[in-house]
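What follows is each chain in one-letter form.
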Amino acid sequence: MKQDRRQFIYRSLTGLAAITVSPHVIGHSLFSKTEPYFSKPWIELSKAAYLNNASQISKMAGGKPVVAVLKNNAYGLGDVQVAKILDNSPHIAGMAIVKDDRGIAMRNEGVSKPILLMGDFDSELANALVDKEITLSVFSQASLQKVITLAMETNKQIEVAIYVDTGLGRMGIPYQEATGIAQEIAKNGKLSITQTFSTLTTPKDFAELQIQRFENITNEFKEKGVPTGLKHLAPSYSLLDLPESYQEAVRPGILLHGTFPEAKMEASSQFPLEVTYRLKAPVIRVEKLRAGDTIGFSRFYKIEKDEWIATLPVGWADGYNSGAENGAFVLIGDKLHPVVNVNASHTNVSLGAKTTVKVGDVATLIGPEKSEITPEGFAELVEGHNYLQINYKESIPKKIYETF
Ligand SMILES: *Cc1c(COP(=O)(O)O)cnc(C)c1O
């Protein structure tokens, strides 16, 4: 558990002003010479947990490789940071993102595996994307024209993925048109098809029909002599629900972070995933509130008997779920404390009638230490779904650990 501070990637540590504080309310780590004091929330990531999960997910999928979906800043946990970790896993076939600039950011940080852009790209970034060998999705007639134009302007080979809509109705070439478009790509010497993919819906019977459509199309490709490249279909839910969805690789997002897409899924006992992250914040205020006092704009929490209340500098604007005030806990030391109020940038927790908690102590809002604060435990307590709590702001600093 002892952490090596040299492992931290922590960018916003700036000078601390000297101020006077009353010594009876401050923790030992506050303003000491050896221990830095952080006044804002941060996220800790475990390399070992990510590498374990990549391996477990591949096991779940019968040994197939994993295309890691790191869209939405890896669900708020740091897409570049997570990509750098997963770049070292033998089970990871590549990364998948939705925003063009994130792929460039990953390459700039040394990520070497294939990066699939599942979304559109800005014209300004087109050449950089080709230079950095980002795989561009063709997801419509218009996007085909864009890629063909780009091919005419560059000397480089462009890696292309055929994104097929087999029924999600959101993105991709309608499956009836996919073979024709793929043939056009295949005859362009500057374009190489390296992946063909689609996304499954959750209802099993329809997902099965989608798989059938996908297989019909990829068979048509074969008949016409068009390569498919790596074929993949399955987000986390299908991966756990439908072995026929595996194809040549699986394409999960949320499972990588150690969270199942729904509570109590069957595989969750069979394939032990590790929670990969902690959301932490220091205690910045400890006060005794008196009977009759209230907390929050709406006076949401009423003090019945004198009660110590801690304030954490993290709130829903940072991505902490505001539902936490309806039953979640945070861990301070080895004790869980109920969350009683979540505002945009502050959260309050009840410390009870007596407490040893001090300013400078560190609270873990999400983490692997106790079932109540794991992402799934948290979601259960606040009756949210498992994806809700990971909308953390990109500006929250990330600290990378070898292991927790
Ligand atoms: C989000 C997404 C995934 C991963 O979804 P999870 O439920 O997080 O596993 C896979 N494929 C596509 C196209 C997606 O948009």
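Residues numbered from 1 in each chain as written. Predicted model: local features only at pLDDT ≥ 70, side-chain atom pairs only at ≥ 80, totals over all residues. Heavy atoms only, no water.

### Brief notes about the overall build of the protein
Here comes step 1: Looking only at helices and strands, one finds 11 helices and 19 strands in the protein.
Here comes step 2: With respect to the three principal axes, the spread of C-alpha positions in the protein is 75 × 45 × 40 Å.
Here comes step 3: Counting over 404 residues, the protein shows a buried share of 52%.
Here comes step 4: In the protein, 68% of the contacts between residues at least 6 apart in sequence involve partners at least 24 apart.
Here comes step 5: Element-wise, carbon and sulfur atoms account for 50% of the exposed surface of the protein, whose accessible area totals about 18,300 Å².
Here comes step 6: For the protein, the separation between the mean place of its 43 positive charges and that of its 45 negative charges on side chains is 6 Å. (Helix = DSSP H or I, 4+ residues; strand = E, 2+ residues; numbered from the N terminus. Buried < 20%, exposed > 50% of the residue type's maximum accessible area, 1.4 Å probe, protein only. Contact = heavy atoms within 4.5 Å. Areas by Shrake-Rupley, 256 points an atom, 1.4 Å probe, with all protein chains shown as cover. Lys, Arg positive; Asp, Glu negative; His and termini not counted. Charge placed at Lys NZ, Arg CZ, Asp CG, Glu CD.)

### Some thoughts on the domain arrangement of the protein
Here comes step 1: You can read the domains of the protein as domain 1 (19-44 + 276-401) and domain 2 (46-264).
Here comes step 2: Between the C-alpha centres of domain 1 and domain 2 there is a distance of 37 Å.
Here comes step 3: At the junction of the two partners, domain 1 supplies 16 residues and domain 2 supplies 23 residues.
Here comes step 4: Note on domain 1 versus domain 2: buried area summed over both sides is about 1,700 Å², and carbon and sulfur give 56% of it.
Here comes step 5: Of all residues in domain 1, T276, Y387 and I390 bury the most surface against domain 2, accounting for 37% of the area lost on that side.
Here comes step 6: Along the contact surface separating domain 1 from domain 2 lie one salt bridge. (Domains from an automatic or database assignment. Buried area = accessible area lost by both parts, 1.4 Å probe. Salt bridge = Lys/Arg side-chain N within 4 Å of Asp/Glu carboxyl O.)

### Some thoughts on the packing of helix 1 (residues 47-60) against helix 3 (residues 79-86)
A packed helix pair is summarised by two numbers, namely the angle formed by the two axes and the spacing between the axes.
Here comes step 1: Between helix 1 and helix 3, the least distance of the axes is 9 Å, while the angle of their chain directions is 65°. Every pair of crossing elements has a handedness; the one defined by helix 1 and helix 3 is right-handed. On helix 3, the residues that touch K47, Y50, L51 and A54 of helix 1 are V82, I85 and L86.
Here comes step 2: Residue classes in the contact of helix 1 with helix 3 are distributed as six nonpolar, no polar and one charged. (Axes fitted to C-alpha atoms, helices over the stretch in contact; angles between N-to-C directions. Left-handed = near helix turned anticlockwise from the far one by under 90°. Nonpolar A, V, L, I, M, F, W, Y, C, P; charged D, E, K, R; others polar.)

### Digging into the site of the ligand
Here comes step 1: Looking at the ligand, there are 14 residues lining it, with K71, Y75, S236, G253 and Y387 nearest.
Here comes step 2: Y75 places a polar side-chain atom, nitrogen or oxygen, 2.5 Å from an oxygen atom of the ligand.
Here comes step 3: Between the ligand and the protein, one listed contact pairs an oxygen atom with a backbone N or O atom of I254 at 2.9 Å.
Here comes step 4: Among the residues making up the shell around the ligand, the classes are represented as eight nonpolar, three polar and three charged. (Near = heavy atom within 4 Å. Polar contact = N/O pair within 3.5 Å; in protein donor to acceptor, adjacent residues only side chain to side chain.)

### A word on the pattern of salt bridges
Here comes step 1: For the structure on display, the rule yields 10 salt bridges.
Here comes step 2: Of the charged contacts, one joins D120 and K146 as a salt bridge, the two residues approaching to 2.7 Å between their closest N and O atoms. Of this pair, D120 sits in the loop between strand 4 (115-117) and helix 5 (126-131) while K146 is found in helix 6 (residues 141-153), placing the two residues 26 residues apart along the sequence.
Here comes step 3: A relative accessible area of 28% means that K146 is categorised as partly exposed.
Here comes step 4: One continuous salt-bridge network, built from bridges that share partners, spans E44, R278, K280 and E369.

### Description of the environment of D361
Here comes step 1: Mapped onto the elements, D361 comes out in the loop between strand 17 (347-352) and strand 18 (362-366).
Here comes step 2: For the pair D361 and A74, spaced 287 residues apart in sequence, the C-alpha to C-alpha distance is 28 Å.
Here comes step 3: A distance of 2.8 Å separates a polar atom in the side chain of D361 from the backbone nitrogen of K358.

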